[in-house]
Amino acid sequence: MSLCSKILLSRPMRNLITLYGPGKRIISQLSSSSNSALCAKLKVKVKLNSIIMCENGKSFSSSSSSLLAGTFQKAQSSNLSRDENLVVCVEGNIGCGKTTLLNYFENAGGCEVMAEPVERWRNIDGYNALELMYKDPNRWSMALQTYVQLTMVQNHTKPMTHPVRLMERSIFSAKYCFVDNLFSSGKLPELEHIILTEWFDWIVQTQNFKVDLIVYLRTDPKLLHERIMSRCREEEKSIPLEYLQCLHDLHEDWLIHKKHPCPDVLVLDANKTLEEMERVYELHKHNICKKPGNEMKTTTMS
Ligand code: TTP
Ligand code: MG
């Protein structure tokens, strides 16, 4: 529903009709001629309470009409409007338990769970970009982070299937924590950082990703180091504690000190055993799966 819920229709130049989605992203450009059926569709869409601007609604070609009709039917067939949906991103350092939280709520049912595309980073047409980055960060950070950014955009823009989506990480932590850390630690050259930042800024400005709440699993880097060493994800065996400390500080800068834009944050102490965490999830089920009120900016729970 994400593409269809806010459609701006305008005619910026000559006989071209430009269809915009959220964030004024151009969905399609069509040439115009007369077609009243399309206008009828537009009226239906207005009744659905979506935003439609039609500067030249009386003139469309019939081929344009069938394309648009499909789009509008898709919008009509869903009961979910973009603003009624809830998107929750689960954030926190490597190994803090993001996937475990997602699995818990997936099994509990009722919400859509979107795991991080880490398997794609480990196999890009046979190349393991994650492994390459850990082995030679100066050479491969740019490649990995470009691909991470792409896969994050793909996840953010997937149409929602349930009223609540729980998503592991986001394009924001990939940039504010990983990309910026690679740069400040001298592994990503300045030019590559500038290029990744320009891409990121452009994507965020034009795509208007919806994130309502961040659940921050706050964990001591020393504990994480032990967990990572014992879970034995092959590529991560050589991660030093200092790397986790830097990533921790950047998560804190973003989610606690608000150095970058962020929505409401629910901070959970994740220095706990699996069983204890399950109790915490159960306790906060309603905070995580329900739209937070305006008053909730940063809430820290033990
Ligand atoms: P995480 O995104 O932290 O996921 P995880 O599965 O390790 O965490 P959890 O146990 O909480 O579920 O990291 C996945 C791997 O990808 C990790 O080795 C760090 C790496 N990574 C990057 O190198 N760059 C990035 O931008 C991101 C998001 C991850
Ligand atoms: Mg995970």
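Residues numbered from 1 in each chain as written. Chains lettered and ligands numbered in written order. Predicted model: local features only at pLDDT ≥ 70, side-chain atom pairs only at ≥ 80, totals over all residues.

Caption draft 1: Spotlight on the site of ligand 1. Within the structure, ligand 1 sits among 18 residues, and I94, K98, T99, A174 and F178 are positioned closest to it. Among the elements of the structure, α3 (98-108), α5 (129-135), α6 (137-157) and α7 (171-184) are those that each provide at least two residues to the shell around ligand 1. Ranked by the residues each element gives to the shell around ligand 1, the list is headed by α6, at 3 residues. Counted by class, the shell around ligand 1 contains 9 nonpolar, 5 polar and 4 charged residues. (Near = placed C-beta within 6 Å. Helix = DSSP H or I, 4+ residues; strand = E, 2+ residues; numbered from the N terminus. Nonpolar A, V, L, I, M, F, W, Y, C, P; charged D, E, K, R; others polar.)

Caption draft 2: Layout of the pairing of strand β6 (residues 164-168). Of all 5 residues in β6, 5 are buried; the element is thus mostly enclosed. The alternating pattern of β6 places V164, L166 and E168 and R165 and M167 on opposite faces, both of which are buried. With 5 bridges connecting them, strand β4 (residues 86-91) and β6 associate as parallel partners. Considered in β6, the bridge of C89 is made with M167. For strand β5 (residues 112-114) and β6, the ladder comprises 3 bridges, and the chain directions are parallel. (Buried ≥ 20, exposed ≤ 12 C-beta atoms within 10 Å, placed from the backbone. Pairing = 2+ DSSP bridges.)

Caption draft 3: Here's a closer look at unusual backbone geometry. We note that R169 has phi near 60 degrees; this positive angle belongs to a residue other than glycine. Within the element layout of this structure, R169 appears in the loop between β6 and α7. In this structure R169 comes out as buried when scored by C-beta crowding, with 22 C-beta atoms within 10 Å. Although it is not a glycine, K258 sits at a positive phi angle of roughly 55 degrees. Within the element layout of this structure, K258 appears in the loop between α10 (241-255) and β8 (264-269). Under the C-beta neighbour-count criterion, K258 is labelled exposed, with 12 such atoms within 10 Å.

Caption draft 4: Expanded view of the nonpolar core. Core analysis: the largest hydrophobic core is formed by 53 residues, its most contacted members being V88, V90, L166, I214, V215, Y216 and L217. With 8 residues, α7 is the single largest residue contributor to this core. If we skip the residues at most four places from it in the chain, V90 touches K98, L101, L102, L166, M167, E168, V215 and L217. (Core = buried A, V, L, I, M, F, W, Y, C linked by C-beta atoms within 7 Å. Contact = placed C-beta atoms within 7 Å.)

Caption draft 5: Representation of α3 within the structure. Residues of α3 that are buried include every one of K98, L101, Y104 and F105, and no others. The buried residues of α3 occupy an angular sector of 125 degrees when projected down its axis, which confines them to one face. Buried residues belonging to α3 abut β4, β5, β6, β7 (213-218) and α11 (274-289). Immediately beyond the C-terminal end of α3, within one or two residues, lies G109, with a positive phi of roughly 80 degrees. (Arc of directions from axis to C-beta.)

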